[in-house]
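Close look at the chain arrangement
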Amino acid sequence: MGISVIPTLFDEDNLPASESPSKTIKDVRQTGRFYRHPDSAMVSYPLVVEKAIGSIPKNDEKLKIAIIGGGAAGIASCYELSRLGNSDRIEVTLYESDPDHFTYLLEPQQVKIDTFGKRAGRVFAARTSAPSGDEHSNPDDHTVYEIGAMRFPEIAGLTWHYAGQVFKDTDKVDAFPNPGKVPTEFVFGDRADRYYNKSTGGMWLDEDSPTKRVFKVVHAGIFGSPPTADGPKYPRSHFCIGCKEPYEVAAELKNENTSEGRLRDIFADWKEFAIKYDSLSLESAVRQVIRAEVKKGSDLLPDIAGLRDREDKIAYYAELFGCFGFGTGGFKPIHNASLTEMMRIMLWDYANEYTLPKESASENVDLFKELYSKAYEQFKRKPIVKHARVCDVCHSGRTGKALVFSYEMDSKPPHQELPGLPYEPLEFDYVILAVTPKQMHSIISRAGFNNQARFIRFGDYDRQYPQEILARPPLVLSKDSDAPNALLFTAINQVHMVGSSKIFVTVKEEDVKKAPKFFEEGEIKAVVSDCGLASSYFVPSPLRQSPDGKKYYSLLLSYSWEEDTKRLQHHLYEYPMNRRANSEANKQMLQAAINRTKRDVRDPLDGTYKSWWFGDLLSSSDLSDVLSYDWTTAYSAGGFKFDTTGNHRNSNLCFRYHTHAQKSSLDNRFFIAGDSYSHLGGWIEGAFISAVNAVTGLVVAANGGDIRALTEPAQKVITTLDSVV
């Protein structure tokens with residue numbers, strides 16, 4: 001999940017260091033070790049977790065902590081709790097309701113597509129293989145579809161830190177074959193471009209392509225571009241951060257030698273930027289850049305035959321960029337995102353994305369299985385896993401501690417939604433809510449916002465708990481006023497989730513070779529188009545091989561967002577996932593997807609109109625093991641967080657929620673974690689950051705608001721952010 005923006009993808013004038021097709025965990029881990037995010041510019045999160053974050057008080061009484069949700073944030077929270085000083089006092093209970101979660105430890109069923117035990121929140125894999133008894137049955141004959149997280153930016157410092165805890169430093173990681181990083185075709189209307197980012201510079205079939213020229217202008221007008229000794233002069237950024245262009249700030253954020261004084265200035269400048277441009281959409285910013293170039297008669301933008309009207313040209317350029325984006329996929333579906341949100345992603349400033357070690361992990365969920373195992377080993381009191389759906393949480397009006405209400409899941413067969421019996425409400429000293437906004441707002445709303453204890457009936461309306469409970473709200477920012485508490489609920493409820501879906505198939509190697517070649521670089525391996533499938537590309541997976549020696553590749557036939565996803569939904573069937581491989585419904589879905597690619601396109605080599613090769617390849621190939629997953633309709637996710645205009649304050653309030661721990665008189669026992677409450681929605685890096693925030697706040701709360709219980713790097717997670725209380 002997540003939006004890939006690689007600012008240097010086609011920057012021939014200012015190339016990054018040459019990319020190695022294969023690096024080690026140690027190599028990649030170093031890249032993001034010192035990176036600071038603009039919303040927490042004083043904090044390098046990988047440095048915060050190099051040692052235990054802090055200690056809880058030492059006494060004879062155990063500290064009971066609940067973690068609700070076993071995704072990346074929940075598992076990382078569990079791991080960091082296990083490393084705390086005096087962690088022998090801690091007793092963790094992990095709540096998880098997803099029957100595909102790895103903690104269920106179910107025996108794999110004999111199905112064509114297996115997902116059991118391969119999920120940790122948004123990290124979700126499916127293994128396709130021949131069922132037992134099939135003539136092609138072979139335990140090594142499989143393809144892995146990464147339905148969730150499948151690529152990890154080199155600059156994701158916490159992600160690679162945790163990978164370093166699980167894998168060996170010498171384990172190899174391979175560059176992820178994003179569009180643009182492999183020979184790629186882009187199709188927009190009658191235009192077809194072919195391009196490839198070689199380590200020696202960007203390569204285009206048409207070096208004067210209108211697509212390339214529009215991209216360069218928009219990129220420079222938003223992110224900025226270093227001056228060159230010669231060649232065309234691209235515009236300065238229209239959206240400076242303080243007195244510097246964004247590309248300059250990005251370099252400072254990842255430079256370990258940037259002074260604390262300068263980081264403080266960046267933080268102050270960024271806060272002003274975030275407020276100033278929160279109401280400006282990405283599309284408005286793109287049009288502002290284009291309009292300025294058109295107005296001054298710039299020759300940087302191409303002349304488009306048949307378009308004489310200035311507004312028509314501006315519209316064409318804007319739509320062209322909307323489909324192409326930054327070379328890795330179209331951005332039209334997220335044009336209503338705020339410029340502030342997009343700039344966050346651009347300031348992340350990564351050149352490459354990588355896969356986890358193939359030798360060690362057949363699915364990405366293995367990272368979390370191993371991280372959880374390490375936590376399990378380190379705790380004196382082993383974590384308790386409750387396979388239960390949490391329906392409500394609150395503060396007890398009698399003891400002041402946290403209460404968790406839940407329904408059992410263990411007695412139900414996987415994937416059946418039968419009514420579970422209610423568990424007795426359990427009391428905890430602290431709770432980390434590591435669930436998505438869709439789940440969170442229903443869990444926290446029943447207790448209301450007034451901090452005065454009153455009797456409340458909890459549970460689902462049709463099977464409520466039998467007794468009323470004296471309770472206070474779970475998420476509290478004020479003891480005396482309702483409005484601050486209501487604002488937090490609103491912030492969570494208003495998190496904007498971008499719809500997303502994926503359609504996977506396997507395809508024979510011999511069919512892959514039907515694609516046109518791009519110079520000596522080999523066949524086209526990725527397609528970005530306006531046909532409604534958004535991006536299509538081959539993804540890393542073990543090669544499936546049949547007894548007759550034929551090899552199969554994993555093809556992500558469609559990776560779409562927002563409006564593109566909604567247009568596909570009526571073809572996807574069985575929300576959120578259809579895993580009945582080769583069923584009649586899947587055949588219909590596949591036919592509908594291929595039908596979108598059947599069109600005439602102007603050939604980029606000879607300029608004549610002919611049937612698009614991609615549609616011909618798909619329609620004539622032996623495509624099998626069809627699987628679709630619609631994150632939009634998944635209750636446990638709902639897509640990925642991406643702020644639209646006006647949402648900065650809400651998302652920033654969630655990001656800083658842990659700072660309430662400084663005010664011990666508030667006696668707030670709850671913390672929140674998850675990528676949706678970070679500023680990197682959709683990336684597990686954001687989930688990890690939020691987990692560190694939550695555990696840091698919990699340590700301070702357990703020590704009565706004393707930040708000296710934290711290590712010096714961890715103190716910055718509290719002291720350098722604006723407090724919510």
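Cut-off values and rules
- Residues numbered from 1 in each chain as written.
- Predicted model: local features only at pLDDT ≥ 70, side-chain atom pairs only at ≥ 80, totals over all residues.
- Heavy atoms only, no water.
- Buried < 20%, exposed > 50% of the residue type's maximum accessible area, 1.4 Å probe, protein only.
- Helix = DSSP H or I, 4+ residues; strand = E, 2+ residues; numbered from the N terminus.
- Contact = heavy atoms within 4.5 Å.
- Pairing = 2+ DSSP bridges.
- Right-handed = clockwise from strand over helix to strand, strands pointing away.
- Core = buried A, V, L, I, M, F, W, Y, C linked by side-chain atoms within 4.5 Å.
- Axes fitted to C-alpha atoms, helices over the stretch in contact; angles between N-to-C directions.

**Points about helix H18 (residues 648–655)**
The element H18 is largely enclosed, with a buried count of 7 among its 8 residues. When H18 is considered as a whole, its buried residues turn out to be His 648, Asn 650, Ser 651, Asn 652, Leu 653, Cys 654 and Phe 655.

**A closer look at the side chain of Ser 535**
Within the secondary structure, Ser 535 is located in strand S24 (residues 535–538). What makes Ser 535 buried here is its relative accessible area of 6%. Aside from chain neighbours lying at most four places away, what touches Ser 535 is Thr 328, Gly 329, Val 527, Val 528, Leu 556, Leu 557, Ser 558 and Tyr 559.

**Comments concerning the pairing of strand S3 (residues 90–95)**
For S3, the tally of buried residues reaches 6 of 6 residues, placing the bulk of the element in the interior. Where strand S2 (residues 63–68) meets S3, 6 bridges bridge the pair, whose relative direction is parallel. Among the inter-strand pairings, Ile 68 is bridged to a residue of S3, identified as Tyr 95. Regarding topology, helix H3 (residues 72–83) serves as the crossover connection from S2 to the parallel S3, and that connection is right-handed. Where S3 lies against strand S14 (residues 384–386), 3 bridges are found, and the strand directions are parallel. For Leu 94, the partnering residue across the bridge sits in S14 and is Val 385.

**Structural notes on the nonpolar core**
Judged by nonpolar contacts, the single largest core of 156 residues is most densely connected at Leu 81, Trp 160, Ile 222, Phe 239, Leu 347 and Phe 368. If one sorts the elements of this core by residue count, helix H19 (residues 684–702) sits on top with 13 residues. If we ignore the near neighbours within four places in the chain, the residues touching Phe 368 are Ala 72, Ile 75, Phe 102, Ala 120, Val 123, Ile 684 and Phe 688. The next biggest cluster of nonpolar side chains, apart from the first, holds 31 residues, and it includes Leu 568, Trp 613, Phe 614 and Leu 617.

**Considering unusual backbone geometry**
A negative phi angle is the norm for most residues apart from glycine, just as the trans form is the norm for most peptide bonds. For the bond from Tyr 575 to Pro 576, the omega torsion is -10°, close enough to zero to count as cis. With respect to the secondary-structure elements, Pro 576 resides in the loop between helix H15 (562–572) and strand S27 (577–578). One non-glycine residue, Asp 349, lies in the positive phi region at around 55°. As for its position among the elements, Asp 349 is in the loop between helix H10 (339–348) and strand S13 (353–354). For Asp 349, a relative accessible area of 11% puts it in the buried group. One non-glycine residue, Asp 667, adopts positive backbone phi at about 50°. Within the fold, Asp 667 resides in the loop between H18 and strand S32 (670–672).

**Thoughts on the sheet that holds strand S20 (residues 469–472)**
Reading across from one edge, S17-S16-S15-S20-S19 is the order of the 5 strands in this open sheet, with antiparallel pairing throughout. Across the chains shown, the open sheet's two edge strands, defined by having one partner strand only, are strand S17 (426–428) and strand S19 (454–456). For this sheet, the mean inter-axis angle between neighbouring strands, taken without regard to orientation, is 50°. Note: strand S16 (residues 402–408) against S17, 3 bridges, orientation antiparallel. In the strand pairing of S17, Leu 403 is matched with Glu 427.

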